[in-house]
Amino acid sequence: MRRFVLLVATTALGACSMAPHYVRPELPVPPSWPVGDAYLKQSEAALPSVTYRDIFRDARLQSLVEQALVNNRDLRVAAANIAAARAQYRVQRAELLPEVTTSAGVTRSDNGNGTGGHTNFSVDGGITAFELDLFGRVRSLSNAAQDRYFSTEAAARATRLTLVGDIATAWLTYGADKSLLAIAQDTAASAERSVTLTRARLQGGIAPRTDLSQAQTVLATAQADLAQQTTNLAQDINALQLLVGAPIDPTLLPASIDEAGKTVAELPAGLDSGVLLRRPDVVQAEYELRATNAEIGAARAALFPRISLTAVLGLASNALGGLFTGGAFNYSAGANASYSIFNAGAGRANVQVSEAQRDAALATYEKAIQTAFREVSDALARRGTIADQTRASEALAAAAADNYRLSDARYRGGIDTFLASLDAQRSLYSARQQLVSTQLTAATNLVTLYRTLGGDATLDATAAGPKPVGGTTTP
């Protein structure tokens, strides 16, 4: 019995790790954001901890996001993937501890010679082929499984961040299409009045037929745009319903881009590009790198002998009443060591495979950071110039509206030709459409900054750290 206890006690032996010491790689991007004519001067304040409610302040948009967080199918897939990764980690971690089995049985035998039969009762328990993890192979595999669990969790946060951004963009796009529909309706109404006027002037002999044809072209263009914008609005709702995962309440939709765009706040980027490390996709890539690093340790440890223990203790008696007497006790214990003398270099090749996979994971991690840097830089470049573009578009729309009013009045007064009024009307139509497009770009740029900076506090794995799993934490 004492020997059995000693064998079980060896399971508490600590294993040395043969995995390379993990050090977070240096950022493969400049330490600060780009500067120049296209960029605003960034604040020296650190990136604040916010939630999507701080950025998307309209209660209607917040309601859509909340519905999506419950109903969206991509999030359900991500949650299932997390559950599977967590369970897989627990499966791998279980190999660090011995598996204890027990059995009980009864056998009856009779040789048929009339001497009577024999009945044997037995109860056994033991450990079968438990590997002593002296070189850290099992521990390294457990660490790799844990890192992949954390990677899957980060991937789910990335899915959530993208979903919130996509809903905000779709909501703003609906507002822009609603504005474009109103512009098309105004233009069509104005064109109908022009057609009526030019037809009357043609019938009175004071206007050529070309004036009527030109007025009809503006009307037909506006009517075609009306049909297109009606389709766009229906498709916008379809897109939102897919993202939300449920029917959309019409009262939650914006009336115009001018109304919707003002409800989106700006998330300042700060000066330090190190904030990219909080992005869920970057966190995911780093945990994949950690996992491949741990697998190198497992591959190296596989080059050394494996030592496994087997121990069985039991009780056996030919009488049930005597099963638990001292004489019924028996035990056996043993150890087994196995080592491959020749495998044509497969073991070392497996180490090389794991090292190559680690190198690929490192490149993927660095590429994720570089991609994130480019995305944020692009968003900052757009942010640095969009205010000037918006002011110019507003001035253009105001000037075009004034020019159209004057040209139309001069035409009605018989001072100018209809061509001047027609050109003014077309310019106004185009200027109003351009202003809506610029307003949409300005609003979606704020959404892009929110998404590319990964600034949602509920998604920030760096601040809170990974969650413990079964009493352990990330290394």
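Because the structure is predicted, anything quoted here is derived from the model rather than measured. (Residues numbered from 1 in each chain as written. Predicted model: local features only at pLDDT ≥ 70, side-chain atom pairs only at ≥ 80, totals over all residues. Heavy atoms only, no water.)

Tallying secondary structure elements over the chain gives eleven helices and four strands in all. Within the chain, residue pairs in contact and separated by at least 24 positions form 85% of the contacts whose partners lie at least 6 positions apart. Carbon and sulfur atoms make up 56% of the accessible area of the chain, which amounts to about 24,300 Å² in all. (Helix = DSSP H or I, 4+ residues; strand = E, 2+ residues; numbered from the N terminus. Contact = heavy atoms within 4.5 Å. Areas by Shrake-Rupley, 256 points an atom, 1.4 Å probe, with all protein chains shown as cover.)

This part is about the packing of aromatic side chains. Scanning the model with the defined rule gives four aromatic pairs in all. Between the aromatic rings of Phe56 and Tyr450, the centroid separation amounts to 5.1 Å while the plane-to-plane angle is 70°, which identifies the pairing as edge-to-face. A residue pair is termed long-range when its members are at least 10 positions apart, and Phe56 in the loop between α2 (52-55) and α3 (59-71) and Tyr450 in helix α10 (residues 418-453) qualify at 394 residues. Like Tyr450, Phe56 is buried. (Phe/Tyr/Trp six-rings, centres within 6.5 Å; stacked < 30°, edge-to-face > 60°. Buried < 20%, exposed > 50% of the residue type's maximum accessible area, 1.4 Å probe, protein only.)

Turning next to the confidence of the model for the chain. Looking at the chain, pLDDT values average 82 and 84% of them are 70 or higher. Summarising per-element confidence for the chain, the mean pLDDT is lowest in helix α11 (residues 461-464) (36) and highest in helix α7 (residues 257-261) (95). Taken together, the stretch residues 1-13 has pLDDT below 50 and engages in 16 contacts with residues farther than four places along the chain or on a different chain. The low-confidence segment residues 459-475, where pLDDT is below 50, has 36 contacts with residues more than four positions distant or belonging to other chains. (pLDDT = per-residue confidence, 0-100.)

Soluble globular proteins tend to pack their nonpolar side chains together in the buried interior. Ranked by internal contacts, the top residues of the largest apolar core, which has 61 residues, are Trp33, Phe56, Ile167 and Leu172. Listed by contribution, the elements that provide at least two residues to this core are α2, α3, α5 (137-203), α6 (209-244), α7, α8 (280-301), α9 (346-412) and α10. Apart from the residues within four sequence positions on either side, Leu172 is in contact with Ile257, Ala260, Gly261, Val264, Leu440, Ala443, Thr444 and Val447. Among the nonpolar cores identified, the runner-up in size contains eleven residues, and Ala191, Ala215, Tyr411 and Phe418 belong to it. (Core = buried A, V, L, I, M, F, W, Y, C linked by side-chain atoms within 4.5 Å.)

On the secondary structure map, His21 appears in the loop between α1 (2-9) and α2. Here His21 falls in the exposed class, since its relative accessible area comes to 72%. Here the alpha-carbon distance between His21 and Arg290, two residues 269 residues apart in the chain, equals 10.0 Å.

This part covers the pattern of salt bridges. Counted by the stated rule, this structure contains 17 salt bridges. When the shortest N-O distance is used, the salt bridge between Glu66 and Arg53 registers 3.3 Å. On the criterion of sequence distance, the pair formed by Glu66 in helix α3 and Arg53 in helix α2 is long-range, its members being 13 residues apart. Salt bridges sharing common partners tie together Asp58, Arg60 and Glu259. (Salt bridge = Lys/Arg side-chain N within 4 Å of Asp/Glu carboxyl O.)

Another aspect to go through is the packing of α8 against α9. Geometrically, a packed helix pair is captured by the angle between its two axes and the distance between the axes. Contact pair α8 / α9: the axes reach a minimum separation of 8 Å and the direction vectors enclose 170°. Considering their axes alone, α8 and α9 lie roughly antiparallel with respect to each other. α8 and α9 meet at a crossing whose hand is left-handed. Between α8 and α9, the contacting residues are Val282, Ala285, Glu286, Glu288, Leu289, Thr292, Asn293, Glu295, Ile296, Ala299 and Arg300 on the first element and Asn350, Val351, Ser354, Glu355, Gln357, Arg358, Ala361, Leu362, Tyr365, Ala368, Ile369 and Ala372 on the second. Along the lines of polarity and charge, the residues of the contact of α8 with α9 split into twelve nonpolar, five polar and six charged. (Axes fitted to C-alpha atoms, helices over the stretch in contact; angles between N-to-C directions. Parallel < 35°, antiparallel > 145°, perpendicular 65-115°, else oblique. Left-handed = near helix turned anticlockwise from the far one by under 90°. Nonpolar A, V, L, I, M, F, W, Y, C, P; charged D, E, K, R; others polar.)

Our next topic: α6. End to end, α6 covers 53 Å across 36 residues, agreeing with the expected 52 Å (1.5 Å per residue, within 8%). Phi turns positive one or two residues past the end of α6, at Gly245, with a value near 80°. (Expected span 1.5 Å × (residues − 1).)

This paragraph deals with α3. A rise of 1.5 Å per residue sets the reference length of α3, with its 13 residues, at 18 Å; its end C-alpha atoms lie 18 Å apart and thus fit the reference within 8%. For α3, the full list of buried residues reads Arg60, Leu61, Gln62, Leu64, Val65, Ala68 and Asn71. Put simply, Asp58 is the residue that caps the front of α3, since its side-chain oxygen is 2.8 Å from the backbone nitrogen of Arg60. (Polar contact = N/O pair within 3.5 Å; in protein donor to acceptor, adjacent residues only side chain to side chain.)

The next subject is the environment of Thr187. Within the secondary structure, Thr187 is located in helix α5. What makes Thr187 buried here is its relative accessible area of 8%. When the C-alpha positions of Thr187 and Ala222 are compared, they lie 6.1 Å apart, and in sequence the two are 35 residues distant. Sequence-distant contacts of Thr187, that is, excluding residues within four places in its chain, are made with Val218, Ala222, Gln425 and Tyr429.

Attention now moves to a nonpolar patch on the surface. Taken together, the side chains of Tyr339, Ile341 and Phe342 make up a nonpolar region of the molecular surface, amounting to roughly 470 Å² of accessible area. Mapped onto the elements, Phe342 comes out in the loop between β4 (329-338) and α9. Relative accessible area serves as the criterion here: at 72%, Phe342 is assigned to the exposed category. (Patch = residues over 30% accessible without salt bridge, like charges linked within 9 Å, V, L, I, M, F, W, Y side chains within 5 Å.)

Moving on to the side chain of Ser142. You can see Ser142 is positioned in helix α5. Sequence-distant contacts of Ser142, that is, excluding residues within four places in its chain, are made with Tyr89, Gln92, Arg93 and Leu96.

Turning to its location among the elements, Ile341 is positioned in the loop between β4 and α9. Taking the C-alpha atoms as reference, Ile341 lies 9.9 Å from Pro305; in sequence the two are 36 residues apart.

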